[in-house]
Amino acid sequence: MNRLLPGMLFALCSVAGAGGGERAVPVGLGQPARCAAGYVRPDFSRLQADLNAARTRWKAARVRNYRYDFARIAAPLRLPDVTVTVVGGRVQGIQAVDGQHPAAPSPLNAGPVEALFLEAARALTYQRSQPCATLRLGFDAVDGHPTTFYSGSQVSPMADGSGEWRVTNFSARP
């Protein structure tokens, strides 16, 4: 369901090469850019360790039936919030939270928790090689399910090209 998402989100961050700090980054038609003032490169080793620990907690919790609210922003778009219901590890339904927007299947809608872990892992792999990368991940301390995700670039000047989501109201079901 989320197979195209990493490419869609990160294609907006069309920068080449690797590095960080104040290194110039080619943007557009040979226009050099730099990382935004105060930029600090993420600790990718720490992020990987956090992701691995969260996945271990999730597997140990053996939660197969659950429901959660999901909010996604794929800058510059804010998608309608949805409630995702998972039964037996598979998406059973996706409903609009506010009831005003149709919850049509979309590659930007969430799937089971395993799909959120996969999206985070792909972003981690991709962002490691990007200059001025920004990546933040959050996980539930008890069962490990992902709670927050932000992936973008601090290339200056850049207007958009980030992606983020938030999981709230997570509840395991019998």
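These lines cover the structure that appears in this document, whether it is placed above or below. Keep in mind it's a predicted model, so treat the numbers as computed, not measured. (Residues numbered from 1 in each chain as written. Predicted model: local features only at pLDDT ≥ 70, side-chain atom pairs only at ≥ 80, totals over all residues. Heavy atoms only, no water.)

### What about the environment of Thr147?
Then step 1. Mapped onto the fold, Thr147 is located in strand S8 (residues 146-153).
Then step 2. A C-alpha to C-alpha distance of 9.9 Å links Thr147 and Asn169, two positions 22 residues apart in sequence.
Then step 3. For Thr147, the side chain forms a polar contact with the main-chain nitrogen of Phe139, separated by 3.4 Å. (Helix = DSSP H or I, 4+ residues; strand = E, 2+ residues; numbered from the N terminus. Polar contact = N/O pair within 3.5 Å; in protein donor to acceptor, adjacent residues only side chain to side chain.)

### Digging into the pairing of strand S10 (residues 163-172)
Then step 1. Where strand S3 (residues 66-74) meets S10, eight bridges bridge the pair, whose relative direction is antiparallel. Among the inter-strand pairings, Ala74 is bridged to a residue of S10, identified as Gly163. (Pairing = 2+ DSSP bridges.)

### Considerations on the packing of aromatic side chains
Then step 1. Enumeration according to the criterion identifies nine aromatic pairs in this entry.
Then step 2. Taking the centre distance of 6.1 Å and the plane angle of 20 degrees together, the rings of Phe117 and Phe139 count as stacked. Separated by 22 residues along the polypeptide, Phe117 in helix H3 (residues 113-128) and Phe139 in strand S7 (residues 133-139) bring together distant segments of the chain.
Then step 3. Judged by its relative accessible area of 2%, Phe117 falls in the buried class.
Then step 4. Judged by centre distance (5.1 Å) and plane angle (10 degrees), the ring pair of Phe149 and Trp165 falls under stacked. In this pair, Phe149 is assigned in strand S8 and Trp165 in strand S10, connecting sequence segments 16 residues apart.
Then step 5. The class of Phe149 is buried, set by a relative accessible area of 2%.
Then step 6. Residue Trp165 is classed as buried on the basis of its relative accessible area of 3%.
Then step 7. Among the aromatic residues, those joined into a cluster by ring pairs are Trp58, Tyr66, Tyr68, Phe70, Phe149, Trp165 and Phe170. (Phe/Tyr/Trp six-rings, centres within 6.5 Å; stacked < 30°, edge-to-face > 60°. Buried < 20%, exposed > 50% of the residue type's maximum accessible area, 1.4 Å probe, protein only.)

### A look at the environment of Ile73
Then step 1. With respect to the helices and strands, the residue Ile73 is situated in strand S3.
Then step 2. The residues touching Ile73, leaving out its near neighbours within four places in the chain, are Arg78, Ser162, Gly163 and Glu164. (Contact = heavy atoms within 4.5 Å.)

### So, the side chain of Thr83
Then step 1. Along the chain, Thr83 falls in strand S5 (residues 82-87).
Then step 2. Owing to a relative accessible area of 14%, Thr83 belongs among the buried residues under this scheme.
Then step 3. Engagement of the side chain of Thr83 in a polar contact is seen with the side chain of Asp69, the distance being 2.6 Å.
Then step 4. Beyond its immediate sequence surroundings of up to four residues, Thr83 is in contact with Arg67, Tyr68, Asp69, Gly93, Ile94, Gln95 and Val97.

### Looking at the packing of helix H2 (residues 44-61) against H3
Then step 1. Direction vectors running N to C along H2 and H3 enclose 165 degrees, while the axes themselves pass 11 Å from each other. For the element pair H2 / H3, the angle class is roughly antiparallel. The two elements H2 and H3 cross, and the hand of that crossing is left-handed. Residues Phe44, Ser45, Leu47, Gln48, Leu51, Ala54, Arg55 and Trp58 of H2 pack against Val113, Glu114, Phe117, Leu118, Ala120, Ala121, Leu124, Gln127 and Arg128 of H3.
Then step 2. Residue composition of the contact of H2 with H3, by class: 11 nonpolar, three polar and three charged. (Axes fitted to C-alpha atoms, helices over the stretch in contact; angles between N-to-C directions. Parallel < 35°, antiparallel > 145°, perpendicular 65-115°, else oblique. Left-handed = near helix turned anticlockwise from the far one by under 90°. Nonpolar A, V, L, I, M, F, W, Y, C, P; charged D, E, K, R; others polar.)

### Describing the nonpolar core
Then step 1. In terms of nonpolar packing, the biggest core is built from 33 residues, with Tyr66, Tyr68, Phe70, Val84 and Leu135 touching the most fellow members.
Then step 2. Counting only elements with at least two residues in this core, the list comes to H2, S3, S5, H3, S7 and S10.
Then step 3. With seven residues, the top contributor of residues to this core is H3. (Core = buried A, V, L, I, M, F, W, Y, C linked by side-chain atoms within 4.5 Å.)

### Describing the pairing of S8
Then step 1. Taking burial as the measure, the eight residues of S8 include six buried ones, the bulk of the element.
Then step 2. Pairing of S7 with S8, which is carried by seven bridges, proceeds in the antiparallel orientation. Residue pairing across strands places Leu135 opposite Ser151, the latter belonging to S8.
Then step 3. Between the end of S7 and the start of S8, which pair antiparallel, lie six residues, with Gly144 showing a positive phi angle near 85 degrees.
Then step 4. Summarising the sheet, S8 and S10 pair through four bridges and their orientation is antiparallel. The partner of Ser151 across the bridge, within S10, is Gly163.

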